Amino acid sequence: MTNQLPDRDPEETAEWAESLDALIREQGTERAQYIMRSLLQRAGAQSVGVPMVTTTDYVNTIPKRPPISSAG
């Protein structure tokens, strides 16, 4: 994902990563998830192009059925 863009300030990037690590360590993954979602929403509102998140919190509750075989 980030390998497609040049990192123009690796030191700043490392500081952001360290801040995220500290947030997770001190306040947990639930808080980190909230912060990340808030930042993505804010970025979108500022017209910052961000990759789409392709996972959701939803679980498919429709049971799988075996395939129906048809003759011919």
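Refer to the structure printed above.
These numbers come from a predicted model, not from an experiment.

Caption draft 1: Molecular detail of the overall build of the chain. The helix and strand inventory of the chain stands at two helices and zero strands. For 72 residues, the compact-globule estimate of 2.2 N^0.38 gives 11 Å, and the C-alpha radius of gyration of the chain, at 20 Å, exceeds that figure by more than 25%. Looking at the chain as a whole, 6% of its 72 residues qualify as buried. In the form shown here, the chain has an accessible surface area of approximately 7,500 Å², with 55% of it arising from carbon and sulfur atoms.

Caption draft 2: Quick look at helix H2 (residues 29-45). The end-to-end C-alpha distance of H2 is 24 Å, a good match for the 24 Å that 17 residues give at a rise of 1.5 Å each. At the exit of H2 stands Ser47, carrying a positive phi of roughly 65°.

Caption draft 3: View of the packing of helix H1 (residues 10-27) against H2. In contact at an axis separation of 7 Å, H1 and H2 are set at 140° when each is read in the N-to-C sense. With respect to each other, H1 and H2 are oriented oblique. The residues of H2 that touch H1, namely those facing Leu20, Leu23, Ile24 and Gln27, are Thr29, Arg31, Ala32, Ile35 and Met36. For the contact of H1 with H2, the per-class residue count stands at six nonpolar, two polar and one charged.

Caption draft 4: View of the environment of Arg37. Locating Arg37 in the fold gives a position in helix H2. The spacing of Arg37 and Gln4 is 33 residues in sequence and 22 Å in space, taken between C-alpha atoms.

Caption draft 5: Examining a negative patch on the surface more closely. Taken together, Asp7, Asp9, Glu11, Glu12, Glu15, Glu18 and Asp21 make up a surface patch of like negative charges. Relative to the helices and strands, Asp21 is located in helix H1.

Cut-off values and rules
- Residues numbered from 1 in each chain as written.
- Predicted model: local features only at pLDDT ≥ 70, side-chain atom pairs only at ≥ 80, totals over all residues.
- Heavy atoms only, no water.
- Helix = DSSP H or I, 4+ residues; strand = E, 2+ residues; numbered from the N terminus.
- Rg over C-alpha atoms; globule rule 2.2 N^0.38 Å.
- Buried < 20%, exposed > 50% of the residue type's maximum accessible area, 1.4 Å probe, protein only.
- Areas by Shrake-Rupley, 256 points an atom, 1.4 Å probe, with all protein chains shown as cover.
- Expected span 1.5 Å × (residues − 1).
- Axes fitted to C-alpha atoms, helices over the stretch in contact; angles between N-to-C directions.
- Parallel < 35°, antiparallel > 145°, perpendicular 65-115°, else oblique.
- Contact = heavy atoms within 4.5 Å.
- Nonpolar A, V, L, I, M, F, W, Y, C, P; charged D, E, K, R; others polar.
- Patch = residues over 30% accessible without salt bridge, like charges linked within 9 Å, V, L, I, M, F, W, Y side chains within 5 Å.
- Salt bridge = Lys/Arg side-chain N within 4 Å of Asp/Glu carboxyl O.
- Lys, Arg positive; Asp, Glu negative; His and termini not counted.
- Charge placed at Lys NZ, Arg CZ, Asp CG, Glu CD.

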